[in-house]
There are 2 protein chains.
Amino acid sequence: MSGIDATQIVLASRPDGRPTTDNFRLETTSLPAISPGQLLLRTDYLSLDPYMRGRMSGAKSYAEPTPVGGLMEGSGVATVLESKHPDFREGDVVLARTGWRTHAVSDAAGLRKLDDTLAPVTTALGVLGMPGFTAYSGMKMIGKPKQGDTVVVAAASGPVGSLVGQIAKRAGARSVGIAGGKEKCAFAKSMFGFDEVVDHKSADFAQQLAEVCPKGIDVYFENVGGAVWQAVLPLLNTYARVPVCGLISQYNSFPAGDSQALLAQTMHTVLARSLTLRGYINSEFAGELYPSFLGEIGGAVASGEIRYREDFIDGLENAPVGLIGLLEGNNFGKLIVRVNVR
Amino acid sequence: MSGIDATQIVLASRPDGRPTTDNFRLETTSLPAISPGQLLLRTDYLSLDPYMRGRMSGAKSYAEPTPVGGLMEGSGVATVLESKHPDFREGDVVLARTGWRTHAVSDAAGLRKLDDTLAPVTTALGVLGMPGFTAYSGMKMIGKPKQGDTVVVAAASGPVGSLVGQIAKRAGARSVGIAGGKEKCAFAKSMFGFDEVVDHKSADFAQQLAEVCPKGIDVYFENVGGAVWQAVLPLLNTYARVPVCGLISQYNSFPAGDSQALLAQTMHTVLARSLTLRGYINSEFAGELYPSFLGEIGGAVASGEIRYREDFIDGLENAPVGLIGLLEGNNFGKLIVRVNVR
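Residues numbered from 1 in each chain as written. Chains lettered and ligands numbered in written order. Predicted model: local features only at pLDDT ≥ 70, side-chain atom pairs only at ≥ 80, totals over all residues.

Enquirer: Account for the overall build of chain A, naming residues and giving values.
Expert: When its secondary structure is counted, chain A shows nine helices and 15 strands. Relative to the compact-globule value of 20 Å for 342 residues, chain A shows a C-alpha radius of gyration of 21 Å, a close match. Along the longest, intermediate and shortest principal axes, the C-alpha atoms of chain A span 65 × 45 × 35 Å. Looking at chain A as a whole, 50% of its 342 residues are labelled buried. The contacts of chain A with a sequence gap of at least 6 include a subset with a gap of at least 24, amounting to 66%. (Helix = DSSP H or I, 4+ residues; strand = E, 2+ residues; numbered from the N terminus. Rg over C-alpha atoms; globule rule 2.2 N^0.38 Å. Buried ≥ 20, exposed ≤ 12 C-beta atoms within 10 Å, placed from the backbone. Contact = placed C-beta atoms within 7 Å.)

See the structure below:
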């Protein structure tokens, strides 16, 4: 097979605050014919994740920013269309860093073959992939929930929060979720077994949270920041653990100057309650924990003991709108773009 | 011996911001004759420490606030004047929670006999007491300096900071101190062997700090907060550890509303650099570490390998001015009031 035309989405410009569709550009590019050791991939599913907002910014974080004009980064589930690599054959389904494109040429670095006999391949983008491992490793290495603890997590219906809540329950802890809107709260409670779910859009959210945490909070899994953190802070118990895996509320913009003394209050509480705040990227723990994650959570997903929710968008061209909505909290579960499947 | 008159200092009113001498009141009180199991103590030396500001406030922190009209809390070195307790005899010198008073009746709970053959008894209030153990336990349990690390600590000439710097050096790390004023910086460098000491009163303090930390910061021992934290934050390396043992810059008052987005920046850095922030009170680690602290640091003090500095004030009546000055950073070393010794 000679080269193939691929559609891709690049970063047209850096967003100032909330991204708009103008920050993205759809392009057609011609892929070269593959060389020995390479594969031609067809992207079936593309994962949309909050970290993508960080790559769109110019500031260096734990990863380099995407250059303007560069391909939007991302992971996908892909089918091997053609292989000149000894370990893969046509028809294999793999997890790959495809980026936001319909087809990609790969040298097989970092590819993982997927098996759909235990769970659908899309779970490799969610509950059995990076988001799931983020929840699992943060809880195992930092949160360390114990019998009787109260564990609180926001974005409770999403791929990270929903697994945090279920891991808390498996450890014998009470799980308290936070989500936006009544419908999402009810869904998170019934679907993922949270003991309580509080709506952060309620006017008396902080009071409601305090009421459902009468014994305080022992583990707060931080993935949003902002107003939720302000409500959680006074409820944290001595020696509480705070894995910090995300701060989606401040990805589009830092809060304005009305955050009077907020840092001083946070630091005071860190000191007065002997708190542990620990930022992390899931990859830090992959070497140590990934096999046990796939064993434990993979088994529990296969048996139905652990539940998950996936939301689908059709067509690569709709990925920008999907990501913008994700940052606003519009989706319920793991957000996935169907690229070459319908 | 029948009862004795004691002079004491009580909390006259709660300070609003920086304490003034009006917040304290000197009183004379008559102590009862001691009963079986009790001791009469004469306070020789009283320790002044930043935590005392916290007790003067109404807000509950890790300890209950001192009631208005109540005795100012504190530890002292005391001599046993009279004993009806089998474990102590007249003339014994002890470490005791005397409070701010010239004499005290004790039931011996928490008393520790002091031996001045290895080091002066006043060291039990500083390098071989609570401040020293705060430095030791925070570094052993949280900071964990390694060969080649850069360790930064503020209040570098004080009892905690000076030992943090020396423990860093013993671990093979570079030690960078922060202190207020040229004289104090020069003193900290020559006395405690800091590789560099930066003056936080310099107009270009943050830039100077960056220049002396060309490889970033691996351990920041937080005892001040505020502007120093702002200067440290961008220099913290991935996986940096931040033991939080004090925040003296915000004890008198939280900063005003110009702290725009500071909390968001801190949380962003916690996430982006996988930082560990851990608040602690030294007592958390006492059971596990106090014997090794006394062995290791006690031995090194006796041999002269570890150095310390004590500043003295004469007379209990001058303790309020001493504490007020301590909170302003006026003292160089461990601040001690000579109560019944001259």
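Back to the write-up after that little detour.
Enquirer: Break down the domain arrangement of chain A for me, citing the residues and quoting the values.
Expert: Residue and element names in this part refer to chain A. For chain A, the assigned domains read domain 1 (4–126 + 310–338) and domain 2 (130–283). Averaged C-alpha coordinates put domain 1 and domain 2 at centres separated by 29 Å. In this assembly, 14 residues from domain 1 lie in contact with 15 residues from domain 2. Across the side of domain 1 that touches domain 2, the residue classes tally to four nonpolar, six polar and four charged. (Domains from an automatic or database assignment. Nonpolar A, V, L, I, M, F, W, Y, C, P; charged D, E, K, R; others polar.)

Enquirer: For unusual backbone geometry, give the residues involved together with the corresponding values.
Expert: The phi dihedral of serine 274 of chain A is positive, around 50 degrees, even though this residue is not glycine. In this fold, serine 274 of chain A is placed in the loop between helix 7 (262–272) and strand 13 (276–279). If you check the backbone angles, alanine 155 of chain B has positive phi at about 50 degrees while not being a glycine. Within the secondary structure layout, alanine 155 of chain B lies in the loop between strand 8 (150–153) and helix 3 (159–170). Residue alanine 155 of chain B is classed as buried on the basis of its 27 C-beta neighbours within 10 Å.

Enquirer: Can you lay out helix 4 (residues 182–192) of chain B for me, pointing to particular residues and giving the numbers?
Expert: All names here are of chain B. Residues of helix 4 that are buried: Lys184, Cys185, Ala188 and Phe192. Along the long axis of helix 4, the arc covered by the buried residues comes to 105 degrees, so they all point the same way. In helix 4, the exposed positions that point more than 90 degrees away from the buried face belong to Lys182, Glu183 and Ser190. Where helix 4 is buried, its residues touch helix 3, strand 9 (174–179) and strand 10 (196–199). (Arc of directions from axis to C-beta.)

Enquirer: Could you give an account of the pairing of strand 12 (residues 236–244) of chain B, naming the residues involved and the relevant values?
Expert: Residue and element names in this part refer to chain B. Strand direction decides the pairing type here: strand 11 (residues 217–221) and strand 12, joined by two bridges, are parallel. Bridge assignment links isoleucine 217 to a residue of strand 12, and that residue is leucine 236. As a crossover connection, the stretch from strand 11 through helix 6 (residues 227–232) into strand 12 is right-handed. Examined bridge by bridge, strand 12 and strand 13 (residues 276–279) share four bridges and lie parallel to one another. Note that in strand 13 the partner of valine 242 across the bridge is leucine 277. (Pairing = 2+ DSSP bridges. Right-handed = clockwise from strand over helix to strand, strands pointing away.)

Enquirer: Explain the packing of helix 7 of chain A against helix 7 (residues 262–272) of chain B to me, using residue names and the numbers behind them.
Expert: Put simply, helix 7 of chain A and helix 7 of chain B touch, their axes get as near as 7 Å, and they point 50 degrees apart. With respect to each other, helix 7 of chain A and helix 7 of chain B are oriented oblique. Only Leu262, Leu263 and Thr266 of chain B of helix 7 of chain B make contact with helix 7 of chain A, whose side of the interface consists of Leu262, Leu263 and Thr266 of chain A. Residues of the contact of helix 7 of chain A with helix 7 of chain B, tallied by class, amount to four nonpolar, two polar and no charged. (Axes fitted to C-alpha atoms, helices over the stretch in contact; angles between N-to-C directions. Parallel < 35°, antiparallel > 145°, perpendicular 65-115°, else oblique.)

Enquirer: For the pairing of strand 9 (residues 174–179) of chain A, give the residues involved together with the corresponding values.
Expert: Each regular strand displays side chains that alternate between the two surfaces of the sheet. All names here are of chain A. Counted residue by residue, strand 9 has six buried out of six residues, so it is predominantly covered. Alternating residues of strand 9 divide into Arg174, Val176 and Ile178 and Ser175, Gly177 and Ala179, and every residue in both groups is buried. Strand direction decides the pairing type here: strand 8 (residues 150–153) and strand 9, joined by four bridges, are parallel. Note that in strand 9 the partner of valine 152 across the bridge is valine 176. For the handedness criterion, the β-α-β arrangement of strand 8, helix 3 (residues 159–170) and strand 9 is classed as right-handed. Each parallel crossover has a hand, and the one from strand 9 via helix 4 (residues 182–192) to strand 10 (residues 196–199) is right-handed.

Enquirer: Explain the confidence of the model for chain A residue by residue, including any values.
Expert: Overall, the prediction assigns chain A a mean pLDDT of 93, with 96% of residues at 70 or greater. The complex prediction reports pTM at 0.88, with the ipTM value standing at 0.82. (pLDDT = per-residue confidence, 0-100.)

Enquirer: So what's going on with the packing of helix 2 (residues 130–143) of chain A against helix 8 (residues 286–302) of chain A? Which residues, and what values?
Expert: Residue and element names in this part refer to chain A. Packing of helix 2 against helix 8 brings their axes to within 10 Å, and their N-to-C directions diverge by 110 degrees. Between helix 2 and helix 8, the angle falls in the class roughly perpendicular. Where helix 2 approaches helix 8, its residues Gly132, Phe133, Tyr136, Ser137 and Lys140 are matched on the opposing element by Leu289, Tyr290, Phe293 and Ile297. Along the lines of polarity and charge, the residues of the contact of helix 2 with helix 8 split into six nonpolar, two polar and one charged.

Enquirer: Can you explain the environment of isoleucine 217 of chain B? Please cite residues and give values.
Expert: Residue and element names in this part refer to chain B. Summarising the element assignment, isoleucine 217 is placed in strand 11. Note: C-alpha distance between isoleucine 217 and leucine 235 (18 residues apart in sequence) is 5.7 Å. Excluding residues within four positions of it along the chain, isoleucine 217 makes contact with Thr150, Val152, Val232, Leu235, Leu236, Asn237 and Ala240.

Enquirer: Give me the lowdown on the environment of methionine 72 of chain A, citing residues and values where you can.
Expert: All names here are of chain A. Along the chain, the position of methionine 72 falls in the loop between helix 1 (51–56) and strand 4 (76–83). Taking C-alpha positions, methionine 72 is 33 Å from aspartate 199, a pair spaced 127 residues apart along the chain. For methionine 72, the contacting residues outside a window of four places in its chain are Ile9, Val10, Leu11, Met52, Thr66, Gly99 and Trp100.

Enquirer: Account for the sheet that holds strand 11 (residues 217–221) of chain A, naming residues and giving values.
Expert: On the basis of which strands lie adjacent, the open sheet formed by 12 strands has the order 10(A)-9(A)-8(A)-11(A)-12(A)-13(A)-13(B)-12(B)-11(B)-8(B)-9(B)-10(B) and mixed pairing. Each edge of the open sheet is held by one strand with a lone partner, namely strand 10 of chain A together with strand 10 of chain B. Along the sheet, successive strands turn relative to each other by an average axial angle of 15 degrees, direction set aside. The sheet contacts of helix 3 of chain A involve strand 8, strand 9 and strand 11 of chain A, and relative to strand 9 of chain A the element is tilted by about 165 degrees. Lying over the sheet, helix 5 (residues 205–212) of chain A contacts strand 9 and strand 10 of chain A, oriented at roughly 170 degrees with respect to strand 10 of chain A.

Enquirer: Run through the nonpolar core, naming residues and quoting values.
Expert: In this structure, Val232 of chain A together with Val232 of chain B are the most contacted members of the largest nonpolar core, which totals 202 residues. Those residues in contact with valine 232 of chain B, other than ones at most four positions away along the chain, are Val152, Ile217 and Tyr220 of chain B. (Core = buried A, V, L, I, M, F, W, Y, C linked by C-beta atoms within 7 Å.)

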